[in-house]
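These are the residues of each chain, in order.
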2 protein chains.
Amino acid sequence: MIDKRQDGRVRVVIENVRPCADAGAFPIKRVLGEAVTVWADCFCDSHDMLSARVIYRRSGSSKWECEPMEFVDNDRWRGGFTVSELGCYEYGVEAWVDHFQTWRSGLKKKHDIDSTEEADYAAGLSLLERAHSRILAKDLSAFERLRSIVTFSSDETARFEAAYGDELFHIMRRAPNTGLCFRSDPILHVTVDRKRASFSSWYEFFPRSCTGNPSRHGSLRDAAEYLPKISAMGFDVVYLPPIHPIGEKKRKGKNNTTEAHTNDVGSPWAIGSAAGGHKSIEPALGSFQDFERFIAAAEKNGLEVALDLAFQCAPDHPYVSAHPEWFVVRPDGSIQFAENPPKKYEDIVPFNFETGEWEALWEELKSIVLFWIDKGVRIFRVDNPHTKPFAFWQWLISEVKRDYPEVIFLSEAFTRPKVMNRLAKLGFTQSYTYFTWRNSKAEITRYMTELTSGELKEYFRPNFWPNTPDILPQILQFGGESAFILRLVLAATLSSNYGIYGPAFEQAVSAGKEGKEEYDHSEKYEIYAWDRSKGERITALVTALNKARRENTALQSNRFLEFYHIDNDYMLFYGKRTADLSNIILTVVNLDPFHVQKGRLKMPLYEVGIEAGESYLLEDLLTGCRYVWHEAQNEIALDPAVCGAAVFKLDRRLNREVNFDYY
Amino acid sequence: MIDKRQDGRVRVVIENVRPCADAGAFPIKRVLGEAVTVWADCFCDSHDMLSARVIYRRSGSSKWECEPMEFVDNDRWRGGFTVSELGCYEYGVEAWVDHFQTWRSGLKKKHDIDSTEEADYAAGLSLLERAHSRILAKDLSAFERLRSIVTFSSDETARFEAAYGDELFHIMRRAPNTGLCFRSDPILHVTVDRKRASFSSWYEFFPRSCTGNPSRHGSLRDAAEYLPKISAMGFDVVYLPPIHPIGEKKRKGKNNTTEAHTNDVGSPWAIGSAAGGHKSIEPALGSFQDFERFIAAAEKNGLEVALDLAFQCAPDHPYVSAHPEWFVVRPDGSIQFAENPPKKYEDIVPFNFETGEWEALWEELKSIVLFWIDKGVRIFRVDNPHTKPFAFWQWLISEVKRDYPEVIFLSEAFTRPKVMNRLAKLGFTQSYTYFTWRNSKAEITRYMTELTSGELKEYFRPNFWPNTPDILPQILQFGGESAFILRLVLAATLSSNYGIYGPAFEQAVSAGKEGKEEYDHSEKYEIYAWDRSKGERITALVTALNKARRENTALQSNRFLEFYHIDNDYMLFYGKRTADLSNIILTVVNLDPFHVQKGRLKMPLYEVGIEAGESYLLEDLLTGCRYVWHEAQNEIALDPAVCGAAVFKLDRRLNREVNFDYY
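Residues numbered from 1 in each chain as written. Chains lettered and ligands numbered in written order. Predicted model: local features only at pLDDT ≥ 70, side-chain atom pairs only at ≥ 80, totals over all residues. Heavy atoms only, no water.

Chemist: Any details on the relation of the copies chain B and chain A? Residues and values, ideally.
Modeler: With an RMSD of 0.1 Å, the operation that places chain B on chain A is a rotation of 180 degrees combined with a shift of 0.0 Å along the axis. Classification of the inter-copy transformation places it as that of a two-fold axis. Looking at the rotation axis and the C-alpha trace of chain B, the residue lying nearest is alanine 23 of chain B, at 3.2 Å. Comparing interface residues between copies, 100% of those in chain B also lie at the interface in chain A; the contact surface is shared. (Least-squares fit on C-alpha atoms with pLDDT ≥ 70 in both. Contact = heavy atoms within 4.5 Å.)

See below:
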């Protein structure tokens, strides 16, 4: 039985359309102004020639735009388009047998051996006849003129040139016969975010620790005073841990003890008390007016405020009594607290996403996001998204981004790789990573290669954090200030998104809990009095790095990261560049925080278009020092006591222009 | 807006289900009795435990069968099923949060540190309560007994053992709560063929050359007399070039000349004359009765007859006048012959698959296949399928196999790789390959690796031909009989499907057309008188190889092909084995047809379960010689003048049994 829905005369097929995520089940990601280079295998039976094009449109638009594709090799074609509006785009590939091109190329072969016949021209003329009604108005008179030569000319040369020439070729190309074209299936999607989605520098701090006095609870007003300093360091996102009322029931004491004393402030992630829940502000931090002023102050300082979305409750959160159906009620009638046996988290009750009332729960959680959007927030750092269902996030993020495509969600999922990747695939704009635990040359190289190749690079935007209030990795516990510096350089130059848990990082706080990768006396459970006069060395470096990042487009994307050879396993050498090679940053890091390491590196001169023997200029953006080098091979020594890294800007001003096509 | 069609409480997701072809757009292939080992990433949010199962059914059946999957690593699960009926099967994966397992494992952790509480048992009992209605009848009394212990026992040990023990675990596993399970999407398909689809030895010959007299046209009766010899050599498929009437108009003469003389017989691929078309038999070959007798004689000799499907016409084929609408009519009213400028094939007119009457054309071509199926044919070698549309083949093959799932289609597409792969994907049972042009160690290793890894191995079944009537490769033109032998051994041991263009191969015919890979005076255009007394050496080797293939299951599939080390680039060392290691064949080939080559090879002793220092027995299946070796490293010399290859059967009878899981 023949399927009447399909026209059996369509002879082209299209396979293997890239980029895509899970064969098109999820959108890929781009930021405004970025290119989507589309690849596809297009072919048909027999020796006929094809034409192919990329089709694309903003989702919701009824009209497809087209860009022609070019044949590359081995039945692979390439084309592309640029995304210029926030939101969602759709794209695909169309290809069709191009009888005019097939005929034209056959005519050429015959012409070359002087064997064209009247029948050959007749065949072509019948193609022109059928094309007539498709010819663009602007092309019609030229078309008629050429057709007339092909029809009537007795001058074989003129006739062939009219038939084969570029003019007719382009007229016909503008009026393709796509009646029997094949369209790739499924149509693919791309989420277009604003630039900050792929280039951002985050600074995390606790507003309550902004008074310089550990017994006085800081407010948003106190925190606002700290903003100019953060801005001066070159950050663009300030991320605050949850600012909601903190539960009093089962509140944790200092250093994560189970009993809180009267003045213990508790963990901001244990949300909700008689003072309110996720749509309230902890009274000690201030009012909504204070919050709005804080947002405004941040904006004035070129900073954007990121809030924390922690969808969980303290036992005295108003939801718990108002909506017991959103929680697990134990056989004895009590509400189930969080548990991962044998560990118990009595100060937290998780939502039960298997509740029969899941729709109401989803809507309420969405209303929390919309509430803070209404207050001016456009960036959310999402706490433990891997403990809530994937379907929920997919729905929530698409709901929010439909109306607010500028919103950025950072996934704080430190968990198994496939879970982390799924969260990125289903819509999270940025993701925490394993960077925090990747220290050796092999580990870093392998992990970065994973992040910047294959499908992952199309949807997973890493955000590198050397530390967080939850995590003080071993290397920062034992490596001293030099370790902070090397981890900072790695984060800021390997990943276009990075962040630090600021005050503790600046002051190189290294005291961990015995045998754990956690801070001893974590700021999560108490108010700190940070000594603002300390940490100058790190602050200066942060400032230099953020300046380098702002001034060098190469560092604002991970698309062109490459690792290069250096003959010392304690040293890492890598580069980032722009597609057009107009900006090239080459970084060398000594991974050993204790000793001077020396290595011979090989500059990728060929890759950046410098000829052997040409001299080139390097400027170390951390020190301002300049170097003129003449050879690909060069020795470099990095002393962690001074600065265990060099971030070179390669200046090619004296050299010829080279353009490399993007892949 | 919440999508009401989906239950938001489903927390599991499934990704990356394998095997599949193009994300499930095409079926994979198996033969009767083969396993489909299914892999999938299954995971959910949080730390809850999962269960997963493979679901499968014969297409058309309304009931899914299930097989449990096991967790492997990194969220990857494995399960599988065996296909036991011809036709099409469907399969997928289901996974769900297993609250009983989660609870049980938490209970264990608490029990281990003596911290179980009444509330823990209460939580489990409420799970048992809800499971009650699902418990299988045979399990009910045991279930009640265990539940009663968990409920009432005051003996903590007995209580824990009842709750945690294997008995309750298995009862619950047999009655899973799949209410909120996730089913992978899309459902995948597997085409199940008979064994011959993956294991066959083909012998091609022209019936008209079976009289021993070049001026007497052989008939099917003459050809039948040749069958016992083919059978004695151990082949199982005899493939005949087209047996239809040959066009007289524009018939080709001897050696592919454009003028035929009176007695020239023409090419069997120029089908159709006044004597009939694709549903007729060339009168000189005999009648339909002769054909039926030929089929019966073949069957008696353990041989199956493969016919050629060449969907093209001679200019005097009855279709041309009866259905001009199926061809391209040129402006002057003549029918367009085949052409690939500047080449012209005036003796052939191709069908026009872009005709408005494509449906009638498709149906007619299908009726040709059904016609010969009705005459007892179940194997078709399809001529140049890449010159007809993919959609047509996909439709034709699925139409035919719906009613005749035992039919085998061999794709004779010597063309670009993606086109060849597409034909295999859309349904061709077996495929011609590039083997004919892969000679060096690197070429063969790379090509075999491509064929036996990735998705290709799931749907592309190679059929290796050292020669065909169309192709006499360079190595056979210059390498003498030794080259025929080495190519034969490679074809028969690398690929479980192989074939030879028989008489020319046995007699090592090496005369090619100047500068071409074609036979000089090809049998395609004239009657040959083969000297049946010649070619003994090759015939003996063919017989030994086919015997080895029949007696050794390892050679009947390509699933476990591996290349091993030998320190001479002119020598190739590889092995095939069964999944259970019960049959292991190790082949060494000297790729140089002129000189003795000597190499030190490393037997894969570890892989086949032989301990260092153990002795093992090898039998060369080509010579019958036996060897006892004691070391992994051994020197071997192969003299092409004697036999440039050794096909060792490794006998492990004295060694311990080892089972390796398949993947």
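Chemist: Describe the interface of chain B and chain A, and please don't skip the residues or the numbers.
Modeler: Each side of the interface is counted separately: chain B has 62 residues, and chain A has 62 residues. Taken together, the two surfaces of chain B and chain A that pack against each other cover about 5300 Å², and 55% of this comes from carbon and sulfur. When the buried area of chain B at its contact with chain A is split by residue, Ile2, Glu354 and Lys418 of chain B rank highest and sum to 14% of it. Along the contact surface separating chain B from chain A lie 14 salt bridges. (Buried area = accessible area lost by both parts, 1.4 Å probe. Salt bridge = Lys/Arg side-chain N within 4 Å of Asp/Glu carboxyl O.)

Chemist: Describe the sheet that holds strand S30 (residues 645-651) of chain B, with residues and values.
Modeler: Residues and elements named next belong to chain B. With antiparallel pairing, six strands are arranged side by side in an open sheet as S23-S24-S25-S30-S27-S28. Single-partner strands in this sheet number two, and they are strand S23 (562-563) and strand S28 (626-629). Two elements, S23 and strand S24 (residues 571-577), share two bridges in a ladder whose sense is antiparallel. By the bridge assignment for S24, phenylalanine 563 is matched with tyrosine 574. (Pairing = 2+ DSSP bridges. Helix = DSSP H or I, 4+ residues; strand = E, 2+ residues; numbered from the N terminus.)

Chemist: Give me the lowdown on helix H11 (residues 417-426) of chain B, citing residues and values where you can.
Modeler: Of all ten residues making up H11 of chain B, nine are buried, and the element is well covered by its neighbours. Two residues or fewer after H11 of chain B comes glycine 427 of chain B, characterised by a positive phi angle close to 145 degrees. (Buried < 20%, exposed > 50% of the residue type's maximum accessible area, 1.4 Å probe, protein only.)

Chemist: How would you explain empty space enclosed by the protein if you had to name every residue and give the values?
Modeler: Residue and element names in this part refer to chain A. Tallied over the entire structure, the rule returns twelve cavities of 30 Å³ or more. By volume, the largest cavity is sized at about 250 Å³. If you go around the largest cavity, you meet 17 residues; those closest to its centre are Lys457, Phe460, Arg461, Asn558 and Arg559. Mapped by element, the contributors of at least two residues to the lining of the largest cavity are strand S2 (28-31) and helix H13 (456-459). Broken down by element, the residue count for the lining of the largest cavity peaks at three residues, all from S2. (1 Å grid on protein atoms, 1.4 Å probe; cavity = no way out; pocket = protein on both sides within 12 Å on 5 of 7 lines; lining within 4 Å. Points joined across faces, edges and corners; volume = space filled by probe spheres on them.)

Chemist: Let's hear about a negative patch on the surface: which residues, and what values?
Modeler: Residues and elements named next belong to chain A. Judged by side-chain charge, Asp114, Asp155, Glu156 and Glu161 come together as a negatively charged surface patch. Relative to the helices and strands, aspartate 114 is located in the loop between helix H1 (99-112) and helix H2 (118-131). Aspartate 114 gets classed as exposed once you look at its relative accessible area, which sits at 73%. (Patch = residues over 30% accessible without salt bridge, like charges linked within 9 Å, V, L, I, M, F, W, Y side chains within 5 Å. Areas by Shrake-Rupley, 256 points an atom, 1.4 Å probe, with all protein chains shown as cover. Lys, Arg positive; Asp, Glu negative; His and termini not counted. Charge placed at Lys NZ, Arg CZ, Asp CG, Glu CD.)

Chemist: With reference to specific residues and values, describe the packing of aromatic side chains.
Modeler: We describe a pair of aromatic rings using the distance from one ring centre to the other and the angle between the two ring planes. This model, assessed by the stated rule, comprises 100 aromatic pairs over all chains. With 5.2 Å between their ring centres and 10 degrees between their planes, phenylalanine 160 of chain A and tyrosine 164 of chain A make a pair best called stacked. With phenylalanine 160 of chain A and tyrosine 164 of chain A both in helix H4 (residues 156-164), this residue pair falls four residues apart, about one helical turn. Residue phenylalanine 160 of chain A is classed as buried on the basis of its relative accessible area of 7%. Judged by centre distance (5.5 Å) and plane angle (10 degrees), the rings of tyrosine 432 of chain B and tryptophan 465 of chain B are stacked. Linking tyrosine 432 of chain B in the loop between strand S20 (430-431) and helix H12 (441-451) with tryptophan 465 of chain B in the loop between strand S21 (463-464) and helix H14 (474-478), this pair joins segments that are 33 residues apart in sequence. Among the residues examined, tyrosine 432 of chain B registers a relative accessible area of 1% and is labelled buried. For the cation-ring pair, arginine 104 of chain A lies above tyrosine 164 of chain A, with the distance from its terminal atom to the ring centre recorded as 4.1 Å. Above the plane of the ring of tyrosine 121 of chain A lies arginine 159 of chain A, whose end atom (NZ or CZ) is 4.2 Å from the centre. (Phe/Tyr/Trp six-rings, centres within 6.5 Å; stacked < 30°, edge-to-face > 60°. Lys NZ or Arg CZ within 6 Å of the ring centre and 35° of its normal.)

These values are about where atoms sit, not about what they do.
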